[in-house]
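Summary of the model geometry
The primary structure of each chain is shown beneath.
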Amino acid sequence: MKIAVLVKQVPETDSLTLDPETGTVVRSEDSSIVNPLDLYALEAALRIKDADPETSILALSMGPPQAETALREALAMGCDEAVLVTGREFGGSDTWATSRALSAALSKLGGFDLILCGEKATDGDTGQVGPEVAAFLDLPVLTYVGSLSLSSSRKEAQAQRIVEDGSQVLRCRLPMVMSFCKAIGEPRLPLLSGKRRAKAAQLRSFGLADLGLTAEETGAKGSPTKVVKVDRPRLSREATFMDARTEEGMDKACDALIALMLEKGLIVPSAAVAGATAARTQP
Amino acid sequence: MKAQGFALMEGADAAALEAIVGKRNVIFHDEERLEPFSHDETAERSYASMPEAVVRPASTAEVSKVMAYASSRRIPVTPRGAGSGLSGGCVPAMGGIVLSLDRMNAILDIDLENLMVVAQPGVVTNSINEALKKHGLWFAGYPMSLETCFLGGNVAENAGGGKAVKYGVTSRYVTGLEVVLASGEVLRLGGKLRKDVTGYDLVHLLVGSEGTLAVITEITLSLMPVPRRKAVLLASFAGAAEAIGAVPRIIREARIVPTSVEYMDRASILASCGYLNESIPYGEAGAMLLLEVEGEGNDEVFANYSAIGGVCEAAGAQSVYVADNRTTMERIWNVRRNIAEALKVRSPRQSLEDVVVPTAAIPAFMEGLLSLAAEEGVQIPCYGHAGDGNLHATVIKPGQWSEEEWARRLHHILERLYRLSNSLGGRISGEHGIGNKRRDFIGINLDPATIALMKGIKAVFDPQAILNPGKIFPE
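The structure displayed is predicted, hence computed values, not measured ones.

1. Quick word on the overall build of chain A
Helix and strand counts for chain A come out as eight helices and 13 strands. Residues classed as buried in chain A amount to 40% of the 283 residues present. Contacts in chain A between residues at least 24 apart in sequence constitute 69% of all its contacts with a sequence separation of at least 6. Accessible surface computed for chain A: about 16000 Å², of which carbon and sulfur atoms make up 52%.

Structural data, given as structure tokens:
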């Protein structure tokens, strides 16, 4: 069976800095990792391969040449092959343009039974690429998959989706796209032998021409989303200390606390509550 | 009068101390607030002892006045940092004053020209490294509790930690101290100097003196550049002998000194993984090594870990895992760092030990430890710093033993453990200190003439023996 796993290279969250002028993430090679949530998709693929060594796994990423680091980590973990979609023209792509390029690469490579991805990337936080790839490829998609088993024929899968108020178990025919959540299992660490193999591996890379796309279909030009402005929320904390060591102080403190909570809208005046209750109880 | 003729504290003493440090910085006659100062992180409460007062000075001048007053009244004074010690070093064994240095918590000077930092004893060790981060520098003394412990405690105990195999222990980086003697006299020793043979090396006599010679009020540390890249290997072996046997070969054959060589036996790994709900692949491993390496760039780090990992494989490693980004490195380190806590949660009644043996003797020690545990009918999980022979064997109280039986048999087990380490050329403590926890056993390591000489030094510094009495030496 053939599996493709979509991976993204993201900055490590503890070394993340924003450009104060542009509000965009300052990316440096030194502190980039595989998107932590993509590791669960890799783990899901590797578990299928553990059970069936005939499985081949391809890791696919789009990004600057440095994204090679993420792909090599995927190879070290046990993927068989890695492809990087790269080129200046792809710069500034939103999730739609990214999905279009990744779908083109997947079509070109062809023959995948499963296309797996993480729930979302820790930098963009959209969770859109997986479903959009499915849309471009006209494949069914399951998001938030927490466990997965395949039929012996490898033509069908049974997947458990972890949803807000419980879980859904679905049986579906392959090929399809799935995004995974953490419930799938802790991602494995790469072995030294894997690291060595990954270091020596040749990565394939696809450019615009390889994918048969035009410059208008990708990068900032091919992206319907425009980032107009980025604001960093200002964190403010206030504290007021009230002296409540005496009876009198306690009364004053309570009054002040109530006034403050009313002012901040944390509580509503009792008259309003009474009115609301009355309104609710009327037929 | 109490033991050794110390004065019992009275209301007038508290008033005098309040006059020095302010009313709110003295705790007196308040059992509930005094209790936290009666112990450190040593699991067994039998080493705890209540202070009569806690005094929290804000400056060297205040420390000096407190010491002068305590001297005049002959009140014991026990300096205290974060209370994260593991030998009862900051426990007021004879009552009296606990001198808490938590308010003296300023980093006074980051000197980028001399590559030194000057800090007060109450600074949390990790905050020094946080402050130095943007300069690409760090204090390479690396106690495992760095997020909670205070620098003053590190210096007083000469703390070691997980990077000693390459970077050495706290003392290597202490170049200057300001200290207050028992009399209240203030001394400035050493300075921002990397060489200094002017007279006896009092700086390094005071480092590790466990608060028994003077109160440390200011510390000058030399700094190191932060390595650009790091990676961590996790190698699993069939057993202790195989794991430990790999360690000298790593340095000899790969010709690389790892930053850390940490040893974990199976019981320790299982406890920590269970505690953290972590699933690192321990498989059938009887023991594991955590190895950290540094390098200038990715290629150098790869070459280093590849070489070290290769030696592990040649030495019989079952598997070697690699973590070369912060997320995965932290995952592995977290398992090692949480062993002590995990064992404590699982078995709160225990004795966390700290023996140190010559590195080549570790397999013999582990073998002896296994038979000791079997003969005594106790579990003794063991982990620690394989690169420097410092092993945290942890004696766990069996559930069926009564308190009385535990107390009696623990003493006997510890004596056997210490004698085992001594017979291999080792010592009873490598980095936690003697304090009151191990003082009855120091004679296993030191002959009477050595102890007499040490006591003589103590008498010169502190003729009235008011500083941290009841520590290091037996009654």
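2. Looking at the interface of chain A and chain B
Chain A puts 17 residues into the contact, and the matching count from chain B is 24 residues. Counting each side, the surface lost to burial between chain A and chain B is near 1800 Å², with a carbon and sulfur contribution of 51%. At the boundary of chain A with chain B, the tally comes to four salt bridges. B:D324 is the partner of A:K195 in a salt bridge, and the nearest nitrogen-oxygen pair spans 2.7 Å. On the surface where chain A and chain B come into contact, there are seven residue pairs in polar contact (both at pLDDT 80 or more). When residues of the side of chain A that touches chain B are assigned to their parent elements, the largest contribution, four residues, is made by helix α5 (residues 192-200) of chain A.

3. Description of helix α11 (residues 326-337) of chain B
Spanning twelve residues, α11(B) covers 15 Å between terminal C-alpha atoms, matching the ideal 16 Å at 1.5 Å per step. For α11(B), the capping residue at the N-terminal end is B:N325, with a side-chain oxygen 3.1 Å from the backbone nitrogen of B:T327.

4. A closer look at the nonpolar core
Grouped together as the largest cluster of nonpolar side chains are 63 residues, with contacts concentrated most on B:Y263, B:L289, B:Y305, B:F365, B:M366, B:I380 and B:L417. Per-element tally for this core: the top contributor is helix α14 (residues 403-423) of chain B, with seven residues. Apart from the residues within four sequence positions on either side, B:F365 is in contact with B:V355, B:V357, B:L391, B:L417, B:L420, B:S421 and B:L424. Grouped together as the second largest cluster of nonpolar side chains are 41 residues, A:A44, A:A70, A:L75 and A:L174 included.

5. Digging into the environment of B:A364
Turning to its location among the elements, B:A364 is positioned in helix α13 (residues 362-376). Residues B:A364 and B:L420 lie 56 residues apart in sequence; the distance between their C-alpha atoms is 9.5 Å.

6. Some remarks on the confidence of the model for chain A
Confidence along chain A averages 89 in pLDDT terms, with 90% of residues attaining 70 or more. The least confident element of chain A, judged by mean pLDDT, is helix α8 (residues 270-281) of chain A at 60; the most confident is strand β1 (residues 2-6) of chain A at 98.

7. A short note on the sheet that holds strand β8 (residues 174-180) of chain B
Working definition: the strands of a sheet are paired by backbone hydrogen bonds and lie parallel or antiparallel to each other. All names here are of chain B. In space, the five strands of this open sheet follow the order β5-β6-β10-β8-β9, with antiparallel pairing throughout. If you trace the sheet from one side to the other, it starts and ends with β5 (107-111) and β9 (186-190), each paired once. Sheet twist, expressed as the mean angle between neighbouring strand axes with direction ignored, is 10°. Relative to strand β10 (residues 215-222), β8 is paired through six bridges, and the arrangement is antiparallel. Along β10, the bridge assignment pairs V179 with I216. Running at roughly 50° to β8, helix α3 (residues 60-73) makes contact with β8, β9 and β10 of the sheet.

About the thresholds
Residues numbered from 1 in each chain as written. Chains lettered and ligands numbered in written order. Predicted model: local features only at pLDDT ≥ 70, side-chain atom pairs only at ≥ 80, totals over all residues. Heavy atoms only, no water. Helix = DSSP H or I, 4+ residues; strand = E, 2+ residues; numbered from the N terminus. Buried < 20%, exposed > 50% of the residue type's maximum accessible area, 1.4 Å probe, protein only. Contact = heavy atoms within 4.5 Å. Areas by Shrake-Rupley, 256 points an atom, 1.4 Å probe, with all protein chains shown as cover. Buried area = accessible area lost by both parts, 1.4 Å probe. Salt bridge = Lys/Arg side-chain N within 4 Å of Asp/Glu carboxyl O. Polar contact = N/O pair within 3.5 Å; in protein donor to acceptor, adjacent residues only side chain to side chain. Expected span 1.5 Å × (residues − 1). Core = buried A, V, L, I, M, F, W, Y, C linked by side-chain atoms within 4.5 Å. pLDDT = per-residue confidence, 0-100. Pairing = 2+ DSSP bridges. Axes fitted to C-alpha atoms, helices over the stretch in contact; angles between N-to-C directions.

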